[in-house]
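Residue-level listing of the chains:
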Amino acid sequence: MLHKISAILFDENKIQRRVSDLAAQISKDYEDNDLVIIAVLKGSFVFLADLCRCFTIPIEIDFIAISSYGDSAVSSGKVTVKKDIDIDIKGKHVLIVEDIVDTGISLQYLCDHLLSRMPASIKSCTLLDKCMKHEADIKIDYKGFDIDDEFVVGYGLDYAEQFRNLPYIGILKEEFYK
Ligand code: PRP
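These remarks concern the structure in this document.

Cut-off values and rules
- Residues numbered from 1 in each chain as written.
- Predicted model: local features only at pLDDT ≥ 70, side-chain atom pairs only at ≥ 80, totals over all residues.
- Heavy atoms only, no water.
- Helix = DSSP H or I, 4+ residues; strand = E, 2+ residues; numbered from the N terminus.
- Rg over C-alpha atoms; globule rule 2.2 N^0.38 Å.
- Buried < 20%, exposed > 50% of the residue type's maximum accessible area, 1.4 Å probe, protein only.
- Contact = heavy atoms within 4.5 Å.
- Areas by Shrake-Rupley, 256 points an atom, 1.4 Å probe, with all protein chains shown as cover.
- Lys, Arg positive; Asp, Glu negative; His and termini not counted.
- Charge placed at Lys NZ, Arg CZ, Asp CG, Glu CD.
- Axes fitted to C-alpha atoms, helices over the stretch in contact; angles between N-to-C directions.
- Parallel < 35°, antiparallel > 145°, perpendicular 65-115°, else oblique.
- Left-handed = near helix turned anticlockwise from the far one by under 90°.
- Phe/Tyr/Trp six-rings, centres within 6.5 Å; stacked < 30°, edge-to-face > 60°.
- Pairing = 2+ DSSP bridges.
- Core = buried A, V, L, I, M, F, W, Y, C linked by side-chain atoms within 4.5 Å.

1. Examining the overall build of the protein chain
- Counting its secondary structure elements, the protein chain contains three helices and nine strands.
- For the protein chain, the α and β elements follow one another from N to C terminus as β-α-β-α-β-β-β-α-β-β-β-β.
- At 16 Å, the protein chain has a C-alpha radius of gyration in line with the 16 Å of a compact globule built from 178 residues.
- Taken over 178 residues, the protein chain has a buried fraction of 47%.
- Put simply, 67% of the contacts in the protein chain that link residues at least 6 apart link residues at least 24 apart.
- Accessible surface, the protein chain: about 9000 Å² in total, of which carbon and sulfur atoms supply 49%.
- Distance between charge centroids for the protein chain: 2 Å, based on 21 positive and 30 negative side chains.

So, in structure tokens, the structure goes:
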């Protein structure tokens, strides 16, 4: 598997330091409010696991599964919900947790989808942001790292369901996805 990675973008230490800083900021911002974390499956599962264990405030956690990429490297531009949330978020403060924002189409869809449940507020948190690729008009409230337009895998991120278990975030060599 390692021969398919051209470079390590963020190693375990760098990720943990950034995740810990993000959790401290979020804990401070929500110290007076109940917070529901909605993590977007599957890619966010490793980030969520580390992030939520650094929080110093009580939180509820739920999951939503959407799909726009499938096994492709390019977004279909069409988002579908594969598994919806179970918690009633009406009147609650919601934070969407993503592994990566690319075009922003998924995040925009998620915000619209969850707003219809009348939460008190919705904010977003992503570990990685390909800001130069945004097509949708989105606001990211908490961000781990900005990245260039490279195909990244590891720490939850996949290509065709592989590489999610890598402890670091690496760049996949072009020859393996083109
Ligand atoms: C990834 C990621 C976001 C979405 C971002 O999910 O987790 O949900 O793509 O792309 P966008 O900003 O262009 O909409 P993916 O469809 O790869 O599913 P996965 O999380 O199960 O790997």
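Okay, back to it.
2. What about the packing of helix 1 (residues 12–29) against helix 2 (residues 45–54)?
- Close contact between helix 1 and helix 2 brings their axes to 8 Å; oriented N to C, the two are set at 50 degrees. For the element pair helix 1 / helix 2, the angle class is oblique. In this structure, helix 1 crosses over helix 2, and the sense of that crossing is right-handed. The residues of helix 2 that touch helix 1, namely those facing Gln16, Val19, Ser20, Leu22, Ala23 and Ser27, are Phe47, Asp50, Leu51 and Cys54.

3. Re the packing of aromatic side chains
- Tallied over the full model, the rule gives four aromatic pairs.
- Taking 3.9 Å as the distance between ring centres and 15 degrees as the angle between the ring planes, the aromatic pair formed by Phe10 and Phe145 counts as stacked. With a gap of 135 residues between them, Phe10 in strand 1 (residues 5–10) and Phe145 in strand 7 (residues 142–146) connect regions that are remote in the sequence. Grouping residues by exposure puts Phe10 and Phe145 together as buried.
- In textbook terms, an aromatic cluster arises when at least three aromatic residues are bridged by ring pairs, as seen for Phe151, Tyr159 and Tyr177.

4. Thoughts on the sheet that holds strand 9 (residues 169–172)
- Reading across the sheet, the three strands line up as 1-9-8 and stay open at both edges, with antiparallel pairing between neighbours. Lying at the two open borders of the sheet, with one neighbouring strand each, are strand 1 and strand 8 (152–153).
- Bridging between strand 8 and strand 9 involves two bridges; their strand directions are antiparallel. Pairing of Val152 across the sheet is with Ile171, part of strand 9.

5. Structural notes on the nonpolar core
- Phe47, Leu51, Leu95 and Leu128 are the most contacted members of the largest nonpolar core, which totals 28 residues.
- Secondary-structure elements contributing two or more residues to this core are helix 1, strand 2 (35–41), helix 2, strand 5 (93–101), strand 6 (121–129), strand 7 and strand 9.
- Considering each element in turn, this core owes the most residues, five residues, to helix 1.
- Contact partners of Phe47, with chain neighbours within four places excluded, come to Val19, Leu22, Val97, Glu98, Cys125, Thr126, Leu127 and Tyr155.
- Val40, Ile96, Leu107 and Ile138 belong to the second-largest nonpolar core, a separate cluster that totals 19 residues.

6. Looking at the sheet that holds strand 5
- Across the sheet, six strands lie side by side as 4-3-2-5-6-7; this open sheet has mixed pairing. The sheet is open, and its two borders are formed by strand 4 (80–83) and strand 7, each paired with just one other strand. Neighbouring strand axes in the sheet, compared pairwise and without regard to direction, differ in orientation by 30 degrees on average.
- Pairing of strand 2 with strand 3 (residues 59–67), which is carried by seven bridges, proceeds in the parallel orientation. Each residue of the ladder has a partner; that of Ile37, found in strand 3, is Ile61.

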